[in-house]
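As a plain string of letters, each chain reads:
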Amino acid sequence: MDAFQEWLFKLTGKKVSMRTLLIALIMILSVFVFFVKRAVDSSNAPPRPLPGAVMALKCSSCDYVEDRRIVDIDEAKCPKCGAPMGYKRKCMDCSFEFSYMPQRLKNLMKTEPNRFKVLEALAVEQACPNCHSGNTESMFPGSVDKK
Ligand SMILES: [Zn+2]
Ligand SMILES: [Zn+2]
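The sections below set out a description of the structure shown in this document.

About the criteria used
- Residues numbered from 1 in each chain as written.
- Chains lettered and ligands numbered in written order.
- Predicted model: local features only at pLDDT ≥ 70, side-chain atom pairs only at ≥ 80, totals over all residues.
- Helix = DSSP H or I, 4+ residues; strand = E, 2+ residues; numbered from the N terminus.
- Buried ≥ 20, exposed ≤ 12 C-beta atoms within 10 Å, placed from the backbone.
- Pairing = 2+ DSSP bridges.
- Core = buried A, V, L, I, M, F, W, Y, C linked by C-beta atoms within 7 Å.
- Contact = placed C-beta atoms within 7 Å.
- Axes fitted to C-alpha atoms, helices over the stretch in contact; angles between N-to-C directions.
- Parallel < 35°, antiparallel > 145°, perpendicular 65-115°, else oblique.
- Nonpolar A, V, L, I, M, F, W, Y, C, P; charged D, E, K, R; others polar.
- Expected span 1.5 Å × (residues − 1).

### Notes on the overall build of the protein
The secondary structure content of the protein amounts to four helices and five strands. For the protein, the N- to C-terminal ordering of α and β elements is α-α-β-β-β-β-α-α-β. In the protein, buried positions account for 14% of the 147 residues.

Okay, structure coming up:
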């Protein structure tokens, strides 16, 4: 028994084999990596729903808003005017609600090798069209006012 195992023995009252310890360590590490990865993904990535997730949408052309189960945002069309739908976003500074279209950014990502330019474009796309504030947030389902 080395000193560390001895310490663990005192702590748990059981003799812990190195193998058990290693498995436990790997498990803790993978859980940790999973949570860190999830936190990083959700803070950096543009909102990308899981297939079939219900999202708050807004028409890119008219005032139509809807909570809809979305598989592919590229195929979502406004039932009122036929224009492509975007994700509903709200400006935290002036309360203006607008449609954020990840389609434009997706196309840019294919052609623009400079990632900084892509990030710049993301900031522009997500900025408020009313007051140009960058302080905007995507809206969750249920935020659509039923009139
Ligand atoms: Zn429309
Ligand atoms: Zn604004």
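### Quick look at the pairing of strand β4 (residues 97–100)
Where strand β3 (residues 85–91) lies against β4, four bridges are found, and the strand directions are antiparallel. Across the sheet, residue Arg 89 finds its bridge partner in β4, namely Phe 98. Here β3 hands over to β4 after five residues, with Ser 95 in that stretch at a positive phi of 65°.

### Observations concerning the nonpolar core
Counting residues in each nonpolar core, the largest one holds 10 residues, listed as Met 55, Ala 56, Leu 57, Cys 59, Val 65, Cys 78, Met 85, Tyr 87, Tyr 100 and Met 139. Those elements giving two or more residues to this core turn out to be β1 (53–59) and β3. For Met 85, the residues in contact, after removing those within four places along its chain, are Leu 57, Lys 58, Cys 59, Ser 60, Ala 76, Lys 77 and Cys 78.

### Observations regarding the environment of Ala 121
In this fold, Ala 121 is placed in helix α4 (residues 115–126). Ala 121 gets classed as partly exposed once you count the C-beta atoms within 10 Å, which come to 15. Sequence separation between Ala 121 and Arg 104 is 17 residues, and the spatial gap between their C-alpha atoms is 9.3 Å. Residue contacts for Ala 121: discarding those within four places in its chain leaves Leu 105 and Leu 108.

### Topic: the packing of helix α3 (residues 102–111) against α4
Between α3 and α4, the shortest axis-to-axis distance is 10 Å and the interhelical angle comes to 170°. Accordingly, the angle class assigned to the pair α3 and α4 is roughly antiparallel. Contacts from Arg 104, Leu 105, Leu 108 and Met 109 in α3 reach Val 118, Ala 121, Leu 122 and Glu 125 in α4. Broken down by class, the residue content of the contact of α3 with α4 amounts to six nonpolar, no polar and two charged.

### Concerning the environment of Ile 70
On the secondary structure map, Ile 70 appears in strand β2 (residues 65–70). Counting along the chain gives 16 residues from Ile 70 to Val 54, while the straight-line C-alpha distance between them is 6.0 Å.

### A short note on α4
Over its 12 residues, α4 runs 16 Å from end to end, which matches the ideal 16 Å to within 8%, given 1.5 Å per residue. Counting buried residues in α4 gives one out of 12 residues, a small share hidden from the surface.

### Side note on unusual backbone geometry
Backbone geometry at Ser 95 places phi at a positive 65°, although glycine is not the residue there. Along the chain, the position of Ser 95 falls in the loop between β3 and β4. A tally of 10 C-beta atoms within 10 Å means that Ser 95 is categorised as exposed.

### Examining the pairing of β1
The buried fraction of β1 is high, at five of seven residues. Relative to β2, β1 runs antiparallel, the two sharing six bridges. The residue bridging Ala 53 from the neighbouring strand is Ile 70, located in β2. Here β1 folds back onto β2, and the loop between the two strands holds five residues. Pairing analysis gives three bridges linking β1 to β3, with the strands arranged antiparallel. Of the residues in β3, the one forming a bridge with Cys 59 is Met 85.

Function cannot be read off these values alone, since they describe shape.
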